Amino acid sequence: MHALNLPAPAGKPRIVVIGGGFAGLNFVHKLDTDRYQVVLLDRHNYHTFAPLLYQVATAGLEAPDICGPLRKSFRGKRDFHFRMLQVYGIDPIRREVSTGAGAIQYDHLVLATGTRANFFGNTNIEAHSLPLKTVPDARNLRNHIFQTLERADLTDDPVERARLMTFIIVGGGPSGVELAGALSELRRHVLVHDYPDTPMEQLRFILVEGGDQLLAAFSDKSSEDARRNLHDMDIELRFGLLMTDYDGRVATFKDGTTIASSTVIWGAGVTGEVIQGLKSESISRAHYVIDAHMRVQGYENIYALGDVAYLSNEEWPQGHPGVAQVAIQMGKRLAGNFNALVRGKETKPFKYFDKGNLAIIGRNRAVADLPKGLHFNGIPAWFVWAFVHIFYLIGFRNRLFTFLSWVGNYITYNRAVRLVLEPTLEEELRGERGGIR
Ligand SMILES: Cc1cc2nc3c(=O)[nH]c(=O)nc-3n(C[C@H](O)[C@H](O)[C@H](O)COP(=O)(O)OP(=O)(O)OC[C@H]3O[C@@H](n4cnc5c(N)ncnc54)[C@H](O)[C@@H]3O)c2cc1C
């Protein structure tokens, strides 16, 4: 394979980072590039602030509000090189990664590839349901929601209309809960006014959870608050239900229950974005097994960070949670260690500082679990949530515009971004494109 166009590292070690998510971004920010050359590879040319994807999917925010262009983030950083590429393989003997545009040599490799939706091998569900992991997913979901409602407004067949107006959300974790809450508010403040000829009482949002509670990783109080709030917001909650099949028209569950629906939003699990090429003993359940210095088991110069890494210790025997704070702190720690190494200083093991969990359920409704068992909900939790999410957004433009959009939405109860951009309904009806069944 031919090599890719990149400047030679000029006597410095070259660190190749795969993934410009929370982990990769924070690693590169903190790395001393006077002493290392850094090459960042990502299949997208932007960083995604995933906690706000549900806002894009429910017409609250535009995609650019929650994305930061990677090249801009590192403008002016010495010896930083970005390439928009999908990485397909790692060759640890030759010390190179393979991409569609050629091979790239590394001295050190940092894997920060995150996760993707896990359909547990169910190809039917994968083919017909809608995940919410990326910006294209969120835009696709938003288009689908509004297309489906337009379609429901066209039909006079009550059975077909009921199917079109039934939305199933699978998974009662933070993204399922946040999405369900946002859909309920969309129904209450926007859809009932936008679709006066459609019987909106038929619009159902069903949240299906395989276990017996929502927000299983949160405190019991938060789980219960989330359940109560969603119930009050007319979200139908079904516990202990496992989806086994979905053909785009009917969802089937393990206990034999079926629900006719043209929308299944899949948030039931994720799996690590593992790239082929490393020894099988370095990988456990689709995650790279790392030590406290974030080195992948069996390799001296390969590291893994964030959601794709599995680090188990006394405090976290089942591994660390797949949340942004773990990824951010791992990225900073590893860069700090690289910087220490070139100065002959000691490196430090990773220790996670758990700042707590937050989830928003709706306007003035949120839950927060803070350190030392502190729990609160309602308006105070909502303000903490809003502040934290604005604070961690990348770039001034995003913070300002997102803040203004929220204030606007808050005051007017409006959702500005409810345009169906593609594919057009006419094309759908002519059957020229995939989509709604
Ligand atoms: C809908 C949703 C809501 C969430 N809400 C919260 C929340 O409220 N709070 C919270 O703490 N966490 C939340 N999370 C989890 C949080 O987003 C993750 O923990 C965090 O993104 C992990 O960071 P990461 O850097 O490990 O991976 P990611 O942020 O996923 O970044 C991985 C990057 O790698 C790139 N990549 C992957 N494979 C390749 C490849 N082969 N070649 C090139 N590039 C590649 C991807 O394009 C991506 O940019 C949420 C996640 C989702 C999906």
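Because the structure is a prediction, the values reported are computed rather than measured.

1. Details of the overall build of the protein chain
Thought 1: On a plain count of helices and strands, the protein chain comes out with 12 helices and 26 strands.
Thought 2: For the protein chain, the C-alpha radius of gyration of 23 Å lies close to 22 Å, the compact-globule estimate for 437 residues.
Thought 3: Buried positions account for 50% of the 437 residues belonging to the protein chain.
Thought 4: Within the protein chain, residue pairs in contact and separated by at least 24 positions form 65% of the contacts whose partners lie at least 6 positions apart.

2. Some points on the nonpolar core
Thought 1: Residues F27, V97 and L111 are the most contacted members of the largest nonpolar core, which totals 110 residues.
Thought 2: In terms of domain composition, this core takes at least three residues from each of domain 1 (14-43 + 85-117 + 271-342) and domain 2 (123-268 + 364-428).
Thought 3: The residues contacting L111, other than those within four sequence positions of it, are I18, I90, L278, Y288, V296, I302, Y303, A304, L305 and V308.

3. Observations regarding the packing of helix α1 (residues 22-30) against helix α9 (residues 324-342)
Thought 1: For the pair α1 and α9, interaxial distance at closest approach is 7 Å and the crossing angle is 30 degrees. Taken together, the axis directions place α1 and α9 in an arrangement best described as roughly parallel. As for how α1 packs across α9, the hand of that crossing is right-handed. The residues of α9 that touch α1, namely those facing F22, A23, N26, F27 and K30, are A324, A327, I328, G331, K332, L334, A335, G336, F338 and N339.
Thought 2: Considering only residue class, the contact of α1 with α9 consists of 9 nonpolar, 4 polar and 2 charged.

4. Description of helix α8 (residues 220-232)
Thought 1: The first and last C-alpha atoms of α8 sit 18 Å apart over 13 residues, in line with the 18 Å expected at 1.5 Å per residue.
Thought 2: Looking at the buried side of α8, the elements it contacts are α7 (174-194), β13 (204-209), β14 (236-239), β24 (357-362), β25 (365-370) and β26 (374-377).
Thought 3: Positive backbone phi, approximately 65 degrees, marks D234, located one or two places after α8.

5. A short note on the site of the ligand
Thought 1: Close to the ligand lie 27 residues, the nearest being A23, D42, V87, D307 and A324.
Thought 2: The side chain of D307 places a nitrogen or oxygen atom 2.9 Å from an oxygen atom of the ligand.
Thought 3: In isolation the ligand offers 1,000 Å² of accessible surface; the protein chains occlude 87% of this area.
Thought 4: Looking at the shell around the ligand, the elements with two or more residues in it are α1 and α9.
Thought 5: Each of domain 1 (14-43 + 85-117 + 271-342) and domain 2 (123-268 + 364-428) accounts for three or more of the residues forming the shell around the ligand.

6. A few points about the packing of aromatic side chains
Thought 1: Evaluation of the coordinates by the stated rule reveals 9 aromatic pairs.
Thought 2: Ring plane angle 20 degrees and centroid distance 5.7 Å describe the contact between F119 and W266, whose orientation is recorded as stacked. Note that F119 is positioned in the loop between β10 (115-117) and α4 (123-128) and W266 in strand β18 (residues 263-266), a separation of 147 residues in sequence.
Thought 3: Centroid distance Y303 to F338: 5.3 Å. Interplanar angle 65 degrees. Geometry classified as edge-to-face. Note that Y303 is positioned in strand β22 (residues 302-304) and F338 in helix α9, a separation of 35 residues in sequence. Accessibility assignment for this pair places Y303 and F338 in one class, buried.
Thought 4: Among the aromatic side chains, those forming a connected cluster through ring pairs are F27, Y36, Y303 and F338.
Thought 5: Geometry around Y299 places K279 over its ring, the cationic atom sitting 4.9 Å from the centre.

7. Here we look at the domain arrangement of the protein chain
Thought 1: Taken as a whole, the protein chain is organised into domain 1 (14-43 + 85-117 + 271-342) and domain 2 (123-268 + 364-428).
Thought 2: Each of domain 1 and domain 2 has a C-alpha centre, and these two points are 32 Å apart.
Thought 3: Counting residues at the interface gives 6 residues for domain 1, matched by 4 residues for domain 2.
Thought 4: Buried surface at the junction of domain 1 and domain 2, both sides included, amounts to about 380 Å², of which 68% is carbon and sulfur.
Thought 5: Elements represented by at least two residues in the side of domain 1 that touches domain 2 include exactly β10 and α9.
Thought 6: A class-by-class count of the residues in the side of domain 1 that touches domain 2 yields 3 nonpolar, 2 polar and 1 charged.

8. Some thoughts on a positive patch on the surface
Thought 1: A surface patch of like charges, here positive, comprises K30, K332, K348 and K355.
Thought 2: Tracing the backbone through its elements, the reader meets K355 in the loop between α9 and β24.

9. Points about the environment of V39
Thought 1: Along the chain, V39 turns up in strand β2 (residues 37-42).
Thought 2: C-alpha separation for the pair V39 and R94, spaced 55 residues apart in sequence, amounts to 17 Å.
Thought 3: If near-sequence neighbours (up to four positions away) are discounted, V39 is found in contact with L6, R14, I15, V16, V17 and H81.

10. Observations concerning the pattern of salt bridges
Thought 1: For the structure shown, the criterion picks out 14 salt bridges.
Thought 2: A salt bridge links E273 to R43, with the nearest nitrogen and oxygen atoms 3.2 Å apart. Pair noted here: E273 is in the loop between β19 (270-272) and β20 (283-284) and R43 is in the loop between β2 and β3 (46-48), with a separation of 230 residues, a long-range link.
Thought 3: Where E96 meets R94, a salt bridge forms, and the shortest distance between an N and an O atom there is 3.4 Å.

11. Regarding the packing of helix α5 (residues 135-154) against α7
Thought 1: It is at 14 Å that the axes of α5 and α7 come closest, and there the two elements cross at 40 degrees. Between α5 and α7, the interaxial angle falls into the category oblique. You can see that α5 and α7 cross each other, and the crossing is right-handed. Contacts from L141, I145, F146 and L149 in α5 reach L179, L183, L186 and L191 in α7.

12. A closer look at the sheet that holds strand β21 (residues 287-289)
Thought 1: Strand order across the open sheet formed by 3 strands is β20-β21-β23, with mixed pairing between neighbours. In this open sheet, the two strands that pair with only one neighbour each are β20 and β23 (309-310).
Thought 2: Sheet topology places β20 next to β21; 2 bridges connect them, and they run antiparallel. Counted as the bridge partner of S284 is H287 from β21.

What counts and how
Residues numbered from 1 in each chain as written. Predicted model: local features only at pLDDT ≥ 70, side-chain atom pairs only at ≥ 80, totals over all residues. Heavy atoms only, no water. Helix = DSSP H or I, 4+ residues; strand = E, 2+ residues; numbered from the N terminus. Rg over C-alpha atoms; globule rule 2.2 N^0.38 Å. Buried < 20%, exposed > 50% of the residue type's maximum accessible area, 1.4 Å probe, protein only. Contact = heavy atoms within 4.5 Å. Core = buried A, V, L, I, M, F, W, Y, C linked by side-chain atoms within 4.5 Å. Domains from an automatic or database assignment. Axes fitted to C-alpha atoms, helices over the stretch in contact; angles between N-to-C directions. Parallel < 35°, antiparallel > 145°, perpendicular 65-115°, else oblique. Left-handed = near helix turned anticlockwise from the far one by under 90°. Nonpolar A, V, L, I, M, F, W, Y, C, P; charged D, E, K, R; others polar. Expected span 1.5 Å × (residues − 1). Near = heavy atom within 4 Å. Polar contact = N/O pair within 3.5 Å; in protein donor to acceptor, adjacent residues only side chain to side chain. Areas by Shrake-Rupley, 256 points an atom, 1.4 Å probe, with all protein chains shown as cover. Phe/Tyr/Trp six-rings, centres within 6.5 Å; stacked < 30°, edge-to-face > 60°. Lys NZ or Arg CZ within 6 Å of the ring centre and 35° of its normal. Buried area = accessible area lost by both parts, 1.4 Å probe. Patch = residues over 30% accessible without salt bridge, like charges linked within 9 Å, V, L, I, M, F, W, Y side chains within 5 Å. Salt bridge = Lys/Arg side-chain N within 4 Å of Asp/Glu carboxyl O. Lys, Arg positive; Asp, Glu negative; His and termini not counted. Charge placed at Lys NZ, Arg CZ, Asp CG, Glu CD. Pairing = 2+ DSSP bridges.

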